[in-house]
Structure formats: C-alpha cells, structure tokens
Amino acid sequence: MDVRKGEAERHWFRSDRFELVNGQWFFQTREGVLEGPFDNIREAQMELLLYLRHSEDVLYSGTG
C-alpha cells in the first residue's frame, strides 16, 4: 500500500474528500471541516491542492 512521505506502513482508511451538496461542490479537510462551495469539481480539486500546499508551508515553516 502506498503511504504518504514520512509515514510508516499502515492500513489507513481513506475516503473521498469531495461532496456534491445541492449542486455545489465541497471538499473535506482532515479535521472534518467542509470547505466550499465551489461551482464544479475541478474548482474544488484545485482549491484542495492550494489548501494542502498552504498546510504544508505552515507545517514546515512553523508559522500559522
């Protein structure tokens, strides 16, 4: 099984982060927060990538 960088081999349950609610798209963070709404899934996917990149930057720089 593929694991994220820095993780030991484990069997994690991974679920889909994207949800369609009343015709609008959302993504769910690891903390369980829904981010959105977005007009289409592509926009939600791009925003998730930006969210993850920002989270990594904050983690590695020690700023918040």
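If you're wondering where the values come from, they're calculated on a predicted model, not measured in any experiment.

> What am I meant to see in the sheet that holds strand β3 (residues 34–38) here?
Backbone hydrogen bonds are what pair the strands of a sheet, in a parallel or an antiparallel way. The antiparallel open sheet is built from three strands, whose spatial order is β1-β2-β3. Because the sheet does not close on itself, it has two edges, and the strands there are β1 (18–21) and β3. Direction aside, the axes of adjacent strands within the sheet are offset by 25 degrees on average. Here β1 pairs with strand β2 (residues 24–28) via four bridges, running antiparallel.

> When you look at the packing of aromatic side chains in this model, what are you seeing that I'm missing?
For any pair of aromatic rings, the description rests on two quantities: the centre-to-centre distance and the angle between the ring planes. One pass over the structure, following the stated rule, counts two aromatic pairs. Three or more aromatic residues joined by ring pairs make a cluster, and in this case those are Phe27, Phe38 and Tyr51.

> Help me understand helix α1 (residues 41–61), please; the structure alone is not making it clear to me.
Along an α-helix, residues three or four apart share an orientation, since each turn contains 3.6 residues. The end-to-end C-alpha distance of α1 is 30 Å, a good match for the 30 Å that 21 residues give at a rise of 1.5 Å each. Phi for Gly62, located one or two positions after α1, is positive at around 75 degrees.

> I keep staring at the confidence of the model for the protein and nothing clicks. Help me out?
Interpreting fine coordinate detail is not advised for predicted regions of low pLDDT. Taken as a whole, the protein shows an average pLDDT of 83; of its residues, 77% reach a score of 70 or greater. For the protein, per-element mean pLDDT is lowest for α1, which scores 88, and highest for β3, which scores 97.

> What am I meant to see in the nonpolar core here?
In summary, soluble globular proteins display a tendency toward joint burial of nonpolar side chains. The biggest cluster of nonpolar side chains holds five residues, and these are Phe18, Phe27, Phe38, Ala44 and Leu48. Not counting residues up to four positions away in its chain, the partners in contact with Phe18 are Trp25, Phe26, Phe27, Ile41, Ala44, Gln45 and Leu48.

> I'm lost on the environment of Arg42 in this one. Help?
When you line up the elements, Arg42 lands in helix α1. Residue classification places Arg42 among the exposed positions, given a relative accessible area of 53%. In this structure, the C-alpha to C-alpha distance between Arg42 and Trp25, residues 17 residues apart in sequence, is 9.2 Å.

What counts as what
- Residues numbered from 1 in each chain as written.
- Predicted model: local features only at pLDDT ≥ 70, side-chain atom pairs only at ≥ 80, totals over all residues.
- Heavy atoms only, no water.
- Pairing = 2+ DSSP bridges.
- Helix = DSSP H or I, 4+ residues; strand = E, 2+ residues; numbered from the N terminus.
- Axes fitted to C-alpha atoms, helices over the stretch in contact; angles between N-to-C directions.
- Phe/Tyr/Trp six-rings, centres within 6.5 Å; stacked < 30°, edge-to-face > 60°.
- Expected span 1.5 Å × (residues − 1).
- pLDDT = per-residue confidence, 0-100.
- Core = buried A, V, L, I, M, F, W, Y, C linked by side-chain atoms within 4.5 Å.
- Buried < 20%, exposed > 50% of the residue type's maximum accessible area, 1.4 Å probe, protein only.
- Contact = heavy atoms within 4.5 Å.

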